[in-house]
Amino acid sequence: MFDRAEFVRGAHQPDQFPRHTFPEVAFSGRSNVGKSSLINMLLGRKKLARISKKPGRTKSINFYRIDDRFCLVDLPGYGYAGVPAEEQEKWAYLIEDYLHHRKNLKGIIQIVDARHEPSEDDYLMMDWLASAELNFLIAATKCDKLKKSRLKPQRKMIADRMGISLEKVLLTSARKRQGKKRLETFIKEVTGI
Ligand code: GTP
Ligand code: MG
């Protein structure tokens, strides 16, 4: 569905955020949860957004312009213990600045691991999303790693724990390319493209 994807830039500090008027949808979640992989799945490009076995790989906020109409934004993952506290603080500041002040931001795809209970940081993010009145969707990803019989209960558990309706939780897998249509629909709706 999305044709042309271009890397705009990676921002290490707020004054490096691109000055444009494109609406943006950001991908947020714990380090290593699969944010960059979902972006690549959506764009049908294996390596546009960088993926690694090592957590904490995405260190900047990366902006991808799609079809000259909107941007997908890959946020650095939070909550990885292997990253020095000082660096984590720097990321937190960068992410907060983006989330709190970015006028272009129209929606968030919040990613959690379909196999696990949400983390403390996931709950904090959830609270913030609810209070910010932003459009959001929870993508419970890596669901290819779950037995089929576990899919429904895990989805319900995540919705219940986060205090949101089941419709807001989408089961996804970058590996199996699952959830693509619904993510595309969400992006279209919130960006108005
Ligand atoms: P950071 O940038 O470090 O915050 O990580 P990220 O959230 O962008 O995760 P990334 O997409 O780099 O994926 C992390 C690891 O999980 C990689 O080894 C991926 O191959 C793997 N992974 C991502 N999505 C899936 C999925 O849907 N299924 C499976 N089985 N593995 C996945
Ligand atoms: Mg990443």
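Definitions and limits used
Residues numbered from 1 in each chain as written. Chains lettered and ligands numbered in written order. Predicted model: local features only at pLDDT ≥ 70, side-chain atom pairs only at ≥ 80, totals over all residues. Helix = DSSP H or I, 4+ residues; strand = E, 2+ residues; numbered from the N terminus. Rg over C-alpha atoms; globule rule 2.2 N^0.38 Å. Contact = placed C-beta atoms within 7 Å. Buried ≥ 20, exposed ≤ 12 C-beta atoms within 10 Å, placed from the backbone. Pairing = 2+ DSSP bridges. Axes fitted to C-alpha atoms, helices over the stretch in contact; angles between N-to-C directions. Right-handed = clockwise from strand over helix to strand, strands pointing away.

Novice: Give me the overall build of the chain: which residues, what numbers.
Specialist: Assigned secondary structure in the chain consists of five helices and seven strands. From first element to last, N terminus to C terminus, the chain shows the α and β order β-β-α-β-β-α-β-α-β-α-β-α. At 15 Å, the chain has a C-alpha radius of gyration in line with the 16 Å of a compact globule built from 193 residues. The principal-axis extent of the C-alpha atoms belonging to the chain is close to 45 × 40 × 35 Å. Intrachain contacts of the chain at a sequence separation of at least 6 include 73% that bridge at least 24 residues.

Novice: Can you explain unusual backbone geometry? Please cite residues and give values.
Specialist: Not every positive phi belongs to a glycine, and E133 is a case in point at roughly 55°. Relative to the helices and strands, E133 resides in the loop between helix 3 (120-132) and strand 6 (135-141). With 7 C-beta atoms packed within 10 Å, E133 lands in the exposed category. Unlike most non-glycine residues, K142 shows phi in positive territory, near 60°. Among the structural elements, K142 can be located in the loop between strand 6 and helix 4 (148-162). Accessibility expressed as a C-beta count within 10 Å gives 22 for K142, which makes it buried.

Novice: A description of the sheet that holds strand 3 (residues 61-66) should follow, citing residues and the corresponding values.
Specialist: Spatially, seven strands are ordered 1-3-4-2-5-6-7 in an open sheet, and the strand pairing comes out mixed. A single partner strand is all that each edge strand has here, and the edge strands are strand 1 (5-11) and strand 7 (169-171). In this sheet, neighbouring strand axes are inclined to one another by 25° on average, regardless of whether the strands run parallel or antiparallel. Packed onto the sheet, helix 3 meets strand 2 (24-29), strand 5 (105-113) and strand 6 and runs at close to 155° relative to strand 5. Most of the contacts of helix 5 (residues 180-191) go to strand 5, to which it runs at about 155°, and overall it touches strand 2, strand 4 (70-74), strand 5, strand 6 and strand 7.

Novice: Could you give an account of helix 1 (residues 35-43), naming the residues involved and the relevant values?
Specialist: Of all the nine residues making up helix 1, eight are buried; the element is thus mostly covered by neighbouring parts of the structure. All of the buried residues in helix 1 are K35, S36, S37, L38, I39, N40, M41 and L42. Buried residues belonging to helix 1 abut strand 2, strand 3, strand 4, strand 5, strand 6 and helix 5. Downstream of helix 1 by a residue or two, G44 has a phi angle that is positive, lying close to 65°.

Novice: Can you tell me about the pairing of strand 5, naming the residues and giving the values?
Specialist: The buried fraction of strand 5 is high, at eight of nine residues. Bridge analysis of strand 2 against strand 5 gives six bridges, and the strand direction is parallel. Bridge assignment links V25 to a residue of strand 5, and that residue is G107. Sheet analysis places strand 5 next to strand 6, joined by seven bridges and oriented parallel. Across the sheet, residue V112 finds its bridge partner in strand 6, namely A140. Read from strand 5 through helix 3 to strand 6, the crossover connection turns out right-handed.

Novice: So, the pairing of strand 3: which residues are in play, and what are the values?
Specialist: Across the six residues of strand 3, five count as buried, placing the element largely inside the fold. Judged from the six bridges that link them, strand 1 and strand 3 form a sheet pairing that is antiparallel. Bridge pairing in strand 3 links G10 to N62. The loop that links strand 3 with its antiparallel partner strand 4 comprises three residues; one of these, D67, has a positive phi angle of about 50°.

Novice: So, the environment of E87: which residues are in play, and what are the values?
Specialist: Its location among the elements puts E87 in helix 2 (residues 85-101). The exposure class assigned to E87 is partly exposed, which follows from the 13 C-beta atoms found within 10 Å. Taking C-alpha positions, E87 is 17 Å from N62, a pair spaced 25 residues apart along the chain.

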